[in-house]
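Next come the chains, spelled out residue by residue.
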Amino acid sequence: MSVDGTDMNLNIDAIRKVFPILHQQVYGKPLVYLDNAATTQKPQPVIDALRHYYERNNANVHRGVHALSERATADYEGAREKLRALLNAASTREIVFTRGATEAINLVAASWGRTNIGAGDEILISEMEHHSDIVPWQMLCEQVGAKLIVAPINDAGELMFDTFEEKLSERTKLVGMVHLSNALGTINPVDKIIAKAHAVGAKVLLDGAQALAHLNVDVQALDCDFYVTSAHKMYGPTGIGILYAKEALLEAMPPYQGGGDMIAMVTFEKTQYNALPYKFEAGTPNIAGVIGFGAAVDWLCDTGIDAIAAHEQRLLAYATEKALNVEGLTIIGTAADKATVLSFTIDGVHPHDLGTILDREGVAIRAGHHCAMPVMQHFGVPATARASFAAYNTQAEINALFAALNKAQEMFA
Ligand code: 7TS
């Protein structure tokens, strides 16, 4: 049992203890951090891993002949293996470290896209994509003369699967799809999407920026071609993420950036590129970030993704029930299959004002378009307020959220 009396498999009190940032006051109120879709807080083992690297092992990777470099390289490559295991990728050659989900998508668009997509080809995405799974494809389409096609969502914020299927054709070269929507919380039926896309010969990129802290993902079982994510939404550091791609695809792709570490041999006449995955990791990487990412994966797996997900589902159900009883509140995103996100509007109060008033009560939510402007356009709203839940959140915090909302409504009444 947790502090707020909810029956859960997780010991939330113990979990909260390892997140030092949670134990503070904001404007004299206990911090209630409900902006986890923007970024999650970091547990002590992640902070310790960053610190340990800088205090004990700081050195460049893959090139040193000295002890520190060997230790840094071992920890860096150890993190790659943790990511491989988390995703059940076939090989560490398929795990490329990037700055985050955004850079990973840009890598695929620039390298695989420019090689494999041409005039008249189509890229099919959904109406619920984050800007990072829209804009790189638009840029690619402009460069190569391809066409961006959008599969619509319904008013629950679910992909309209039949229409998605109708928009697939032999012209479709790539499907880009968010696994778990940051604006709506919708979980997409990615196995069905991949099967349909493969049937017309299209590759599939899944944007898993929100997914991996809440869902178990097996890239081999899914048979997905590209999977991207960011560590900072999985209790890890900012500025680091991964591109997973099938080895055969990566082998055939040209490098994304040139420089140190991505080469085997350089002469002025010709450069021979390094083996996978180093071909895609030019320059000194975010070594501390990678090591912290590895510690975050350990923490996530030790805590248990299923147990975290079950806890968050209970919180979401509790918050949703409370939201349904607030007059003038409209939930944006009511998919049958959803997780972690409660996006909403309140009549007569702009989401930004809500965000500011809640902040004064110590409650951190996000207000805005969540980098998914087309979702806002679909629902005819300029912005939403969004609470998003993580492993350390409690029912008591949801009560604090609704007390603060009540206060905001009274102020604007
Ligand atoms: N894809 C999705 C679904 C996201 O939610 C985000 C970030 C990204 C891609 C980009 O991730 P990055 O780490 O490369 O920036 N989403 C949000 C959000 O909802 N609030 O702040 C960032």
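Residues numbered from 1 in each chain as written. Predicted model: local features only at pLDDT ≥ 70, side-chain atom pairs only at ≥ 80, totals over all residues. Heavy atoms only, no water.

1. Thoughts on the side chain of K42
And then number 1: Its location among the elements puts K42 in the loop between strand 3 (32-33) and helix 2 (44-57).
And then number 2: The side chain of K42 is buried and forms no salt bridge, while D35, the nearest opposite charge, is found at 11 Å.
And then number 3: A polar contact is formed between the side chain of K42 and the side chain of T39, at a distance of 3.3 Å.
And then number 4: Within polar-contact distance, the side chain of K42 engages the backbone oxygen of G236 at 2.8 Å.
And then number 5: If sequence neighbours within four positions are ignored, K42 has contacts with V18, F19, P20, I47, H232, Y235 and G236. (Helix = DSSP H or I, 4+ residues; strand = E, 2+ residues; numbered from the N terminus. Buried < 20%, exposed > 50% of the residue type's maximum accessible area, 1.4 Å probe, protein only. Lys, Arg positive; Asp, Glu negative; His and termini not counted. Salt bridge = Lys/Arg side-chain N within 4 Å of Asp/Glu carboxyl O. Polar contact = N/O pair within 3.5 Å; in protein donor to acceptor, adjacent residues only side chain to side chain. Contact = heavy atoms within 4.5 Å.)

2. Considering the packing of helix 2 against helix 3 (residues 67-87)
And then number 1: Where helix 2 contacts helix 3, the two axes come as close as 10 Å, and the packing angle between them is 160°. With respect to each other, helix 2 and helix 3 are oriented roughly antiparallel. Viewed along their axes, helix 2 and helix 3 form a crossing whose handedness is left-handed. Across the interface between the two elements, Y53, R56 and N57 from helix 2 touch L68, R71, A72 and D75 from helix 3. (Axes fitted to C-alpha atoms, helices over the stretch in contact; angles between N-to-C directions. Parallel < 35°, antiparallel > 145°, perpendicular 65-115°, else oblique. Left-handed = near helix turned anticlockwise from the far one by under 90°.)

3. Observations concerning unusual backbone geometry
And then number 1: For the peptide bond that leads from L276 to P277, omega is 0°, which places it in the cis range.
And then number 2: Tracing the backbone through its elements, the reader meets P277 in the loop between strand 12 (271-273) and helix 10 (287-303).
And then number 3: The backbone phi angle of T340 is positive, close to 60°, even though this residue is not glycine.
And then number 4: As for its placement among the helices and strands, T340 is situated in the loop between strand 13 (329-331) and strand 14 (341-346).
And then number 5: According to the relative accessible area criterion, T340 is buried, its value standing at 3%.
And then number 6: Phi angles above zero are rare outside glycine, and C371 is one such case at about 55°.
And then number 7: Positionally, C371 belongs in the loop between strand 16 (366-368) and helix 13 (373-379).
And then number 8: Looking at C371, the relative accessible area reads 23%, which means it is partly exposed.

4. Quick notes on the site of the ligand
And then number 1: Lining the immediate surroundings of the ligand are 16 residues, of which T102, D207, S230, R366 and R386 lie closest.
And then number 2: In the environment of the ligand, an oxygen atom lies 3.5 Å from a nitrogen or oxygen atom belonging to the backbone of A101.
And then number 3: A distance of 2.7 Å is found between an oxygen atom of the ligand and a side-chain nitrogen or oxygen belonging to R386.
And then number 4: Expressed as a share of its isolated accessible area of 490 Å², the protein-covered part of the ligand is 87%.
And then number 5: When atoms are counted within 2 Å of each cavity's grid points, the one that captures over half of the ligand is the largest pocket.
And then number 6: Classifying every residue of the shell around the ligand by side-chain character gives five nonpolar, seven polar and four charged. (Near = heavy atom within 4 Å. Areas by Shrake-Rupley, 256 points an atom, 1.4 Å probe, with all protein chains shown as cover. 1 Å grid on protein atoms, 1.4 Å probe; cavity = no way out; pocket = protein on both sides within 12 Å on 5 of 7 lines; lining within 4 Å. Sits in = over half its atoms within 2 Å of the grid points. Nonpolar A, V, L, I, M, F, W, Y, C, P; charged D, E, K, R; others polar.)

5. With respect to the sheet that holds strand 17 (residues 384-388)
And then number 1: Taken in spatial order, the four strands line up as 13-14-17-16 in an open sheet, and their pairing is antiparallel. Single-partner strands in this sheet number two, and they are strand 13 and strand 16. Going from strand to strand, the sheet's axes swing by 30° on average, the running direction of each strand aside.
And then number 2: Bridge count for strand 16 against strand 17 is three bridges, and the pairing is antiparallel. Bridging across to strand 17, G368 finds its partner in T384.
And then number 3: Running over the sheet, helix 11 (residues 305-324) touches strand 13 and strand 14 and is turned about 15° from strand 14.
And then number 4: Helix-sheet contacts for helix 14 (residues 395-412) involve strand 13, strand 14 and strand 17, and the interaxial angle to strand 14 is about 15°. (Pairing = 2+ DSSP bridges.)

6. Thoughts on the pairing of strand 17
And then number 1: Taking burial as the measure, the five residues of strand 17 include five buried ones, the bulk of the element.
And then number 2: Burial of the side chains of strand 17 extends over both faces: T384, R386 and S388 are buried on one face and A385 and A387 on the other.

7. Examining the layout of surface pockets
And then number 1: The computed volume of the largest pocket comes to approximately 260 Å³.
And then number 2: Surrounding the largest pocket, 22 residues form its lining, T102, H130, A209, H232 and K233 being those nearest its centre.
And then number 3: In the lining of the largest pocket, the residues fall into eight nonpolar, nine polar and five charged.
And then number 4: Per-domain counts for the lining of the largest pocket show at least three residues from each of domain 1 (12-30 + 304-412) and domain 2 (47-302).
And then number 5: Put simply, the second largest pocket is a space of about 230 Å³.
And then number 6: Surrounding the second largest pocket, 17 residues form its lining, F97, T98, R99, E103 and A282 being those nearest its centre. (Points joined across faces, edges and corners; volume = space filled by probe spheres on them. Domains from an automatic or database assignment.)

8. Things to note about the side chain of S343
And then number 1: Mapped onto the fold, S343 is located in strand 14.
And then number 2: A distance of 2.9 Å separates a polar atom in the side chain of S343 from a polar atom in the side chain of T384.
And then number 3: Setting aside residues up to four positions removed in sequence, S343 forms contacts with A183, T330, I331, I332, H370, T384, A385 and R386.

9. Observations regarding the pattern of salt bridges
And then number 1: Per the counting criterion, the structure on display carries 16 salt bridges.
And then number 2: For D35, the salt bridge is made with R386, and the minimal N-O distance between the two is 3.5 Å. Here D35 is found in the loop between strand 3 and helix 2, whereas its partner R386 is found in strand 17, with 351 residues between them in sequence.
And then number 3: Classification of R386 by relative accessible area gives buried; the value is 1%.
And then number 4: A salt bridge links E165 to K196, with the shortest nitrogen-to-oxygen separation between them at 3.2 Å. Remark: K196 occurs in helix 7 (residues 190-199) and E165 occurs in helix 6 (residues 161-167); sequence separation between them is 31 residues.
And then number 5: Within this structure, K29, E361 and K407 form a network of salt bridges that share partners.

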